[in-house]
Amino acid sequence: LAYPNHIQDVTPNALVWKDGEIMPLNREKSLYVQMPFCRYAPGKHFINPSQDNNLCATYPSLFYKMYGKTPEEVQQNLVTVDWMPRIFGKNTHTLKVTRINDIDKKVINISNELEELVAIKPAFKKFLENPGGGFMWRLVANSDRRSNHSFGIAIDINTRYSNYWLWDLKKYNIS
């Protein structure tokens with residue numbers, strides 16, 4: 001449901017792409033990257049990362065096929081989005097995000113909603129200034145996993161006032 005323009009079907013063992021490619025879903029073949037800092041339960045929201053026996057599985061092959069395997073491939077679909085232009089001014093804070101799966105439109109919608117929030121509650125403005133993210137081809141710190149920023153599908157908002165999962169792992173001695 002999340003990728004109707006790309007994925008035709010999902011079976012218990014594979015993703016079937018609209019171009020006909022069948023991508024196996026098999027943890028034993030390392031298509032998943034397991035990370036100890038988060039756990040998801042089917043049909044439920046994020047579970048507290050401080051719980052024991054946490055597991056989060058991502059599927060890097062899906063992102064490489066959908067968004068690109070190299071920075072050059074990803075950059076072909078990047079667009080520039082103004083972050084909260086009615087609050088901060090046009091071209092003050094711009095973010096490079098992908099247009100694939102309408103990520104650019106979703107970021108614009110988030111920006112618009114946050115502008116409405118700041119109009120009602122100005123104290124939130126400091127949390128939304130100085131966005132530090134968008135596209136950046138890189139690995140997640142201290143890992144061999146490609147950051148979602150590498151695909152232009154993630155943004156950071158004023159990191160001075162935010163938490164970062166890796167910092168929290170260290171803070172709470174989670175491994």
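For the structure, see preceding data.
Residues numbered from 1 in each chain as written. Predicted model: local features only at pLDDT ≥ 70, side-chain atom pairs only at ≥ 80, totals over all residues. Heavy atoms only, no water.

Student: Just checking my understanding: could you explain the overall build of the protein for this structure?
Tutor: Helix and strand counts for the protein come out as six helices and seven strands. Each helix and strand of the protein, placed in order from N terminus to C terminus, yields the pattern β-β-β-β-β-α-α-β-α-β-α-α-α. With 175 residues in all, the protein has 34% of them scored as buried. A separation threshold of at least 6 residues defines the contact pool for the protein, and within that pool the share at least 24 residues apart is 51%. (Helix = DSSP H or I, 4+ residues; strand = E, 2+ residues; numbered from the N terminus. Buried < 20%, exposed > 50% of the residue type's maximum accessible area, 1.4 Å probe, protein only. Contact = heavy atoms within 4.5 Å.)

Student: Hey, could you run me through a nonpolar patch on the surface in this one?
Tutor: Judged by side-chain polarity, Phe124, Phe127 and Tyr161 come together as a nonpolar surface patch covering roughly 250 Å² of accessible area. Among the structural elements, Tyr161 can be located in the loop between α5 (125–128) and α6 (165–171). (Patch = residues over 30% accessible without salt bridge, like charges linked within 9 Å, V, L, I, M, F, W, Y side chains within 5 Å. Areas by Shrake-Rupley, 256 points an atom, 1.4 Å probe, with all protein chains shown as cover. Salt bridge = Lys/Arg side-chain N within 4 Å of Asp/Glu carboxyl O.)

Student: Can you walk me through the pattern of salt bridges in this structure?
Tutor: Opposite charge on two side chains permits them to pair, given that their charged atoms come into close proximity. Counting across every chain of the model gives five salt bridges. For Arg86, the salt bridge goes to Glu115, with nearest N and O atoms at 3.1 Å. Here the residue Arg86 occupies a position in helix α3 (residues 85–88), and Glu115 occupies one in helix α4 (residues 103–120), the gap between them amounting to 29 residues. Relative accessible area serves as the criterion here: at 2%, Glu115 is assigned to the buried category. Salt bridges sharing partners connect three or more residues here, namely Asp19, Glu21 and Lys65.

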